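Residue-level structure breakdown
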Amino acid sequence: MRIGIGYDSHRLVEGRKLILGGVEIPYEKGLKGHSDGDLLCHSIIDALLGAAGLGDIGAFFPDTDPRWKDADSLLMLKSIVNTISEKGYLVVWTDAIVITEKPKLAGYINNIKESISSTGIPLSSVNIKAKTNEGMGFIGKGEGMAAIATCLLEVKT
Ligand code: MG
């Protein structure tokens, strides 16, 4: 068994779609980023890469590379799930928290889980949670969002 952790944060700005786990969520702002800014996918990618000992997201999808401009992060996650599978790992469990003051995400959690399962991580192996930051700091002020993810990999026999 191998365990990994991932973290990501992005600024919330006007004029961008809000995409979390590949699901578009109606909101007045979206996440700024070189890609689509999907910090949930980015944190899961880093957790998977951490568990597999393969470094971090920047090594696979550098934000200086025009190929990843406005990229669909769900496809980036799918490619990493393929990579770790080829390296002989099976995703046993993924748990993640999205931390944001607004919008409320409870009604979108099932959609997000289904979307993430389209990358090859089984639906029965994904848990997604949402929390606020109790009004504190950059998240509390609505300047940005963050996500933390963990995952457990098993070496395939
Ligand atoms: Mg990111």
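Residues numbered from 1 in each chain as written. Predicted model: local features only at pLDDT ≥ 70, side-chain atom pairs only at ≥ 80, totals over all residues. Heavy atoms only, no water.

Right, let's talk about the environment of Ala130 for a bit. Mapped onto the fold, Ala130 is located in strand 6 (residues 126–131). Relative accessible area serves as the criterion here: at 38%, Ala130 is assigned to the partly exposed category. Sequence spacing of Ala130 and Ala146 is 16 residues, and the spatial spacing of their C-alpha atoms is 10 Å. (Helix = DSSP H or I, 4+ residues; strand = E, 2+ residues; numbered from the N terminus. Buried < 20%, exposed > 50% of the residue type's maximum accessible area, 1.4 Å probe, protein only.)

Another aspect to go through is the pairing of strand 7 (residues 144–155). In this structure, strand 1 (residues 2–13) lies alongside strand 7, joined through 10 bridges in antiparallel fashion. Across the sheet, the residue bridging to Ile3 is Leu152, located in strand 7. Sheet topology places strand 5 (residues 89–99) next to strand 7; 10 bridges connect them, and they run antiparallel. Along strand 7, the bridge assignment pairs Ala96 with Ala149. (Pairing = 2+ DSSP bridges.)

If you walk through the whole model with that rule in mind, you get five salt bridges. Here Arg67 ties to Asp65 by a salt bridge, and the two come within 3.0 Å at their closest N and O atoms. Looking at Arg67, the relative accessible area reads 60%, which means it is exposed. We note a salt bridge from Lys69 to Asp70, for which the minimum N-O separation is 3.5 Å. When its relative accessible area of 45% is taken as the criterion, Asp70 is described as partly exposed. (Salt bridge = Lys/Arg side-chain N within 4 Å of Asp/Glu carboxyl O.)

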